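Structural overview
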Amino acid sequence: MKTGSKLAYNNSVFWISSVVITIVVLFGAIWPQRFAKGASAAFNFTTYAFGWFYLLAVLFFVLFLLVLAVSKYGKMKLGPDESKPDYPFFTWVGMLISCGLGIGLVFWGIAEPMSHFFTSPFGHEPMTRQAARTAMTYSFFHWGLSQWAIFTMVGLAVGFFQFRKKENGLISTTLKPLIKERRGASTIRKSIDILAVIATVVGVATSLGLGIMQINGGMKTVFGLNNSITMHLCIVGFMLICYLASSVTGLDKGIKWLSNFNLVLILVLMLYVFLTGPTIFILNTFTQSLGDYVTRFIEYSLRLSPYTGATWVREWTIFYWAWTIAWSPFVGAFIGRVSRGRTIREFVMGVLIIPPLISLLWVSVFGGTALYKDLFEGTKIAEDVNSDVTSALFSTFNELPFSFPLSIVAILLIFTFLITSADSASYILGSMTTNGMATPPITVRVIWGVLISAIATVLTLASGLEGLQTASLVAALPFTIILVVMGFTMFQQIRLEYRLTRQRRI
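Given the structure is predicted, the values throughout are model-derived calculations rather than measurements.

In terms of helices and strands, the protein carries 20 helices and 0 strands. With the C-alpha coordinates of the protein rotated into their principal frame, the extents come out at 65 × 50 × 45 Å. In the protein, which comprises 506 residues, the proportion classed as buried is 61%. The long-range share in the protein, meaning contacts at least 24 apart out of those at least 6 apart in sequence, stands at 83%. Within the structure as shown, the protein displays about 19,500 Å² of accessible surface, and the carbon and sulfur contribution to it stands at 65%. The averaged location of the 22 negative side-chain charges in the protein is 14 Å from the averaged location of its 37 positive side-chain charges.

The structure is reproduced here in structure tokens:
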């Protein structure tokens with residue numbers, strides 16, 4: 001057996017986290033009704049008791065990163081001062097998008113604005129122009145700076161400690177200055193890594209579950225195939241085969257090629273809908289929604305409903321932040337891993353601006369087209385989405401020229417995102433459970449790929465979208481605390497490194 005494999009199989013982080021995930025999978029598969037009932041209770045309690053904490057934490061991340069980027073520390077590199085970026089800019093952006101956006105954006109790009117259009121966040125009359133404006137503004141908020149600030153926090157911390165401080169790429173390493181080598185430090189670090197692994201698996205499984213649900217919806221809309229368990233398992237099985245083929249080629253081939261392919265496909269699909277849809281309306285919608293987003297950012301960032309007891313913010317905003325935090329160990333570690341040689345300023349501004357901008361353009365093009373069709377052409381896309389959220393993308397395509405090939409391309413895009421997500425997630429999980437190995441053993445990565453797919457299947461079949469949301473919320477709660485502490489330890493070490501670098505130059 002190779003050394004890397006021995007390291008993996010003797011590692012308590014690998015064993016404990018994989019056993020916990022396996023138990024969850026088996027419980028959900030054997031007792032799906034109990035699983036669904038427990039998921040519902042956990043969702044209600046978590047969003048009610050800790051919603052305020054999620055909102056304050058995410059706003060803190062945004063403000064902290066923007067201040068850090070424009071400060072004197074922004075010129076420091078994630079690596080030695082003479083280091084250069086490992087990947088070209090286009091490839092780097094493609095990796096960011098494939099890893100951090102992917103399935104979620106394709107799923108919610110139309111489904112979210114149309115859901116808010118049908119049921120307004122502020123109680124506006126449904127399916128009116130005012131409801132449409134609010135729907136776009138809130139969609140911008142959910143896919144803008146806040147979401148990516150979470151990824152950036154983890155990515156910056158991991159990249160700084162791994163490449164600048166020459167430590168391993170584990171989440172616990174970013175808290176090493178606080179934990180130090182005191183009694184029980186090893187147990188604390190392993191507990192943090194186990195928690196990060198479990199949160200990552202659940203977060204990624206949520207994304208995979210959404211993607212599988214949307215492919216199911218696409219197959220039903222395009223080919224008339226029912227959303228059956230058999231179809232679900234066939235999609236998962238085919239995804240696993242393709243994922244294994246990609247995984248064998250490694251980070252610099254499979255993931256890199258798929259990331260470039262995904263970025264090209266996203267841009268082509270978006271350009272086609274932009275040109276064949278209501279182009280001027282899309283441009284106007286983007287401009288106005290961007291203005292509304294900027295002016296209402298603080299209001300939306302801190303909005304709750306303590307006086308009315310309304311649950312809308314809990315079901316949308318808090319779920320989004322929790323879901324993002326849950327899989328931030330994976331996305332953050334991945335974007336940190338592929339960002340060696342970039343300055344803190346370049347990393348923060350690149351990750352906080354480019355992917356969110358593409359997200360907002362996507363929402364404007366696809367969500368704006370769907371809104372235009374319902375407002376001015378009498379279509380029923382919002383009603384279709386209300387009855388089946390997975391039909392959003394394909395119901396909109398039915399109103400555009402060449403809807404059939406367009407839907408096929410969309411299914412292909414979702415599927416390649418599934419493969420990329422499973423591949424990159426298993427790569428990072430393999431590293432997280434083998435003491436930060438740069439190239440984890442293929443057997444470990446395969447195990448994680450299978451477990452992620454299994455829990456995504458169980459969550460989806462047992463309790464659908466609610467189960468996916470609940471799993472993210474519960475897994476994210478303790479990790480949110482870790483992220484806040486990570487910000488303070490990272491800033492402390494950046495200040496120290498800055499002083500040491502200046503002393504060496506004198």
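Looking now at the nonpolar core. In terms of nonpolar packing, the biggest core is built from 162 residues, with Trp-108, Ile-171 and Phe-366 touching the most fellow members. A total of 18 residues in this core trace back to one element, the largest contributor, which is helix H20 (residues 442-505). Beyond its immediate chain neighbours, meaning those up to four positions away, Ile-171 contacts Val-154, Val-158, Ile-192, Asp-193, Ala-196, Pro-329, Met-432, Phe-479, Ile-482 and Met-486.

The next thing to look at is empty space enclosed by the protein. A complete count under the given rule lists 2 cavities of 30 Å³ or more for this structure. One number sums up the size of the largest cavity: a volume of about 100 Å³. Every residue lining the largest cavity is counted, 12 residues in all, and those nearest its centre are Gln-162, Gly-169, Arg-337, Ile-428 and Ser-431. Take the lining of the largest cavity: its biggest share by element is 4 residues, from helix H19 (residues 403-432). Partitioned by chemical class, the residues of the lining of the largest cavity number 7 nonpolar, 4 polar and 1 charged.

We now examine the packing of helix H6 (residues 129-142) against helix H12 (residues 279-295). Two elements in contact, H6 and H12, have axes separated by 9 Å at closest approach and are oriented at 65 degrees. On the basis of the axis angle, H6 is roughly perpendicular to H12. In the crossing of H6 with H12, the sense of the turn from one axis to the other is right-handed. From H6, Arg-133, Met-136, Thr-137, Phe-140 and Phe-141 reach across to H12, where they touch Thr-285, Phe-286, Gln-288, Ser-289, Leu-290, Asp-292 and Tyr-293. A breakdown of the residues in the contact of H6 with H12 according to their chemical character gives 6 nonpolar, 4 polar and 2 charged.

Time to look at the pattern of salt bridges. A full pass over the atoms with the stated rule returns 8 salt bridges. Asp-81 is the partner of Arg-164 in a salt bridge, and the nearest nitrogen-oxygen pair spans 2.8 Å. Here the residue Arg-164 occupies a position in helix H7 (residues 145-164), and Asp-81 occupies one in the loop between helix H3 (32-70) and helix H4 (89-100), the gap between them amounting to 83 residues. Relative accessible area serves as the criterion here: at 10%, Arg-164 is assigned to the buried category. Between Lys-176 and Glu-167 there is a salt bridge whose closest N-O contact spans 3.5 Å. Residue classification places Lys-176 among the partly exposed positions, given a relative accessible area of 31%.

Basis of the calculations
Residues numbered from 1 in each chain as written. Predicted model: local features only at pLDDT ≥ 70, side-chain atom pairs only at ≥ 80, totals over all residues. Heavy atoms only, no water. Helix = DSSP H or I, 4+ residues; strand = E, 2+ residues; numbered from the N terminus. Buried < 20%, exposed > 50% of the residue type's maximum accessible area, 1.4 Å probe, protein only. Contact = heavy atoms within 4.5 Å. Areas by Shrake-Rupley, 256 points an atom, 1.4 Å probe, with all protein chains shown as cover. Lys, Arg positive; Asp, Glu negative; His and termini not counted. Charge placed at Lys NZ, Arg CZ, Asp CG, Glu CD. Core = buried A, V, L, I, M, F, W, Y, C linked by side-chain atoms within 4.5 Å. 1 Å grid on protein atoms, 1.4 Å probe; cavity = no way out; pocket = protein on both sides within 12 Å on 5 of 7 lines; lining within 4 Å. Points joined across faces, edges and corners; volume = space filled by probe spheres on them. Nonpolar A, V, L, I, M, F, W, Y, C, P; charged D, E, K, R; others polar. Axes fitted to C-alpha atoms, helices over the stretch in contact; angles between N-to-C directions. Parallel < 35°, antiparallel > 145°, perpendicular 65-115°, else oblique. Left-handed = near helix turned anticlockwise from the far one by under 90°. Salt bridge = Lys/Arg side-chain N within 4 Å of Asp/Glu carboxyl O.

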